[in-house]
Amino acid sequence: MIMRTISNVHEIDERQNRDLDDHTIATLLALIDEARSVPERESYCTDEIGQRTFEVMLASYTTPQGESRWAVYTSDNEGEAYLDSGDEQEASTRYEAEVRELARCADASMYAWWEVTDVEGLAQNTHLYDLAARPDTDADWNTVEQGQIVLGQNRDADVEYDDLERAAHRLADRRFGGDADCNTEARVTFWTHSRDNKPVAVEVVELVPA
């Protein structure tokens, strides 16, 4: 079975499957976009303000005729591609191929392409962080810890960090636990690649005393 191209910026003729008229294509794209809100698999990286720049998703959806299908959505600096299949394994294999192909864009000696990926064997970008705390909102922040983490599930780690907001809460909880040391707030600042760059996120966590 061959993946069906619904829309692909990389194809001269985006409708390789001539059975799909414009109305059907628009309908399927809308269904896939809705399904992408809860993808079964995803890989992505973001820019300096946290917006996704590149992503690949695998999502399941049901056609108006009641057929279950699996879509692979790819977004890069040239545009978007939508492919699908009635075979879940075939779609999953294509998803991984798309992720690996984009990963080749990175200079492996300098950085990893993906910030989050579930494809085995691919490196992920680390996020540098500073953890600070203060006793009240009028006080200055005091940095208590610096380090780095990797988001996602592709590397073995003591703590799994799904996104930066959860990571901030888990880092604060790990550092302070039930003992806030008279502090009422923690602040976690995140960077990719270097602290000389603009932070990609700043999360403030309320500390609850034991």
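Shown above is the structure to which this text applies.
Starting afresh in each chain, residues are numbered from 1 along the sequence in its written order. Under the rules for a predicted model, residues below a pLDDT of 70 receive no local features and side-chain atom pairs below 80 are neither given nor counted, while totals for whole chains, interfaces and linings still include all residues. Side-chain calculation: all heavy atoms of the structure are included, whereas hydrogens and water are not.

Novice: Got a sec to walk through the sheet that holds strand β7 (residues 142-150)? Specific residues and values, please.
Specialist: Strand pairing is assigned whenever DSSP identifies at least 2 bridges connecting the two strands. Every helix listed is a DSSP run of H or I at least four residues long, and every strand listed is a run of E at least two residues long, numbered separately from the N terminus. Reading across the sheet, the four strands line up as β7-β6-β8-β9 and stay open at both edges, with antiparallel pairing between neighbours. Edge positions in the open sheet fall to β7 and β9 (201-206), since each of these has one partner strand only. Ignoring strand direction, the axes of neighbouring strands in this sheet form an average angle of 20°. Examined bridge by bridge, strand β6 (residues 126-134) and β7 share eight bridges and lie antiparallel to one another. Residue pairing for β7: His 127 is matched across the bridge by Ile 149. Contacts are assigned to residue pairs with any non-hydrogen atoms lying within 4.5 Å of each other. Under this scheme, a helix contributes an axis fitted over its contacting stretch, all axes are lines through C-alpha atoms, and angles between N-to-C directions fall in the 0 to 180 degree range. Contacts from helix α3 (residues 164-176) reach β6, β7, β8 (185-192) and β9, with the element oriented near 130° to β8.

Novice: So what's going on with the pattern of salt bridges? Residues and values would help.
Specialist: Any Lys or Arg side-chain nitrogen found within 4 Å of a carboxyl oxygen on Asp or Glu counts as a salt bridge. Counting across every chain of the model gives 14 salt bridges. The residue Asp 84 makes a salt bridge to Arg 4 at a minimum N-O spacing of 2.7 Å. Of this pair, Asp 84 sits in strand β5 (residues 79-85) while Arg 4 is found in strand β1 (residues 4-8), placing the two residues 80 residues apart along the sequence. As a salt-bridge pair, Glu 42 and Arg 52 come within 3.0 Å of each other at their nearest N and O atoms. Separated by ten residues along the polypeptide, Glu 42 in strand β2 (residues 41-46) and Arg 52 in strand β3 (residues 52-62) bring together distant segments of the chain. It is possible to trace a salt-bridge network through shared partners that takes in Arg 4, Glu 67, Arg 69 and Asp 84.

Novice: Break down the nonpolar core for me, citing the residues and quoting the values.
Specialist: By size, the foremost hydrophobic cluster in this structure holds 20 residues, and its most contacted members are Tyr 129, Ile 149, Ala 186, Val 188 and Phe 190. It is α3 that provides the largest number of residues to this core, a total of six residues. If near-sequence neighbours (up to four positions away) are discounted, Phe 190 is found in contact with His 127, Leu 128, Tyr 129, Ile 149, Leu 164, Ala 167, Ala 168, Leu 171, Pro 199, Val 200, Ala 201 and Glu 203. In this description, a nonpolar core means a group of buried Ala, Val, Leu, Ile, Met, Phe, Trp, Tyr and Cys residues linked to one another through side-chain atoms lying within 4.5 Å. In this scheme, a residue with accessible area under 20% of its type's maximum is buried, one over 50% is exposed, and one in between is partly exposed, where area comes from a 1.4 Å probe on protein chains only. Ranked by size, the runner-up nonpolar core spans 19 residues in total, among them Cys 45, Phe 54, Leu 58 and Leu 83.

Novice: So, the environment of Ala 91: which residues are in play, and what are the values?
Specialist: Its place among the elements puts Ala 91 in helix α2 (residues 88-103). With relative accessibility at 0%, the residue Ala 91 sits in the buried group. Taking the C-alpha atoms as reference points, Ala 91 and Ala 59, 32 residues apart in sequence, are found 9.2 Å from one another.

Novice: Can you break down helix α1 (residues 22-35) residue by residue, with the values?
Specialist: By this rule the span expected of a helix is its residue count minus one, scaled by 1.5 Å. Taking 1.5 Å of rise per residue, the 14 residues of α1 would be expected to cover 20 Å, and the 20 Å separating its terminal C-alpha atoms lies within 8% of that figure. Close packing links the buried residues of α1 with β1, β3, β4 (68-76) and β5. Polar contact criterion, stated in full: a pair of N or O atoms within 3.5 Å, where within protein one must be able to donate a hydrogen and the other to accept it, and residues adjacent in sequence count only if both atoms are side-chain atoms. Regarding α1, its N-cap is Asp 21, as a side-chain oxygen of that residue lies 3.2 Å from the backbone nitrogen of His 23 further along.

Novice: Would you mind going over the sheet that holds β1 in detail, with residue names and values included?
Specialist: Strands in a sheet are paired, the pairing made by backbone hydrogen bonds, and the direction either parallel or antiparallel. The sheet built from five strands is open, its strands ordered β1-β5-β4-β3-β2 with antiparallel pairing. Looking at the sheet topology across the chains shown, the edges are occupied by β1 and β2. Along the sheet, successive strands turn relative to each other by an average axial angle of 15°, direction set aside. Relative to β5, β4 runs antiparallel, the two sharing seven bridges. Counterpart to Trp 70 in the pairing with β5 is Ser 85. Packing of α1 onto the sheet brings it into contact with β1, β3, β4 and β5, and relative to β3 it is tilted by some 105°.

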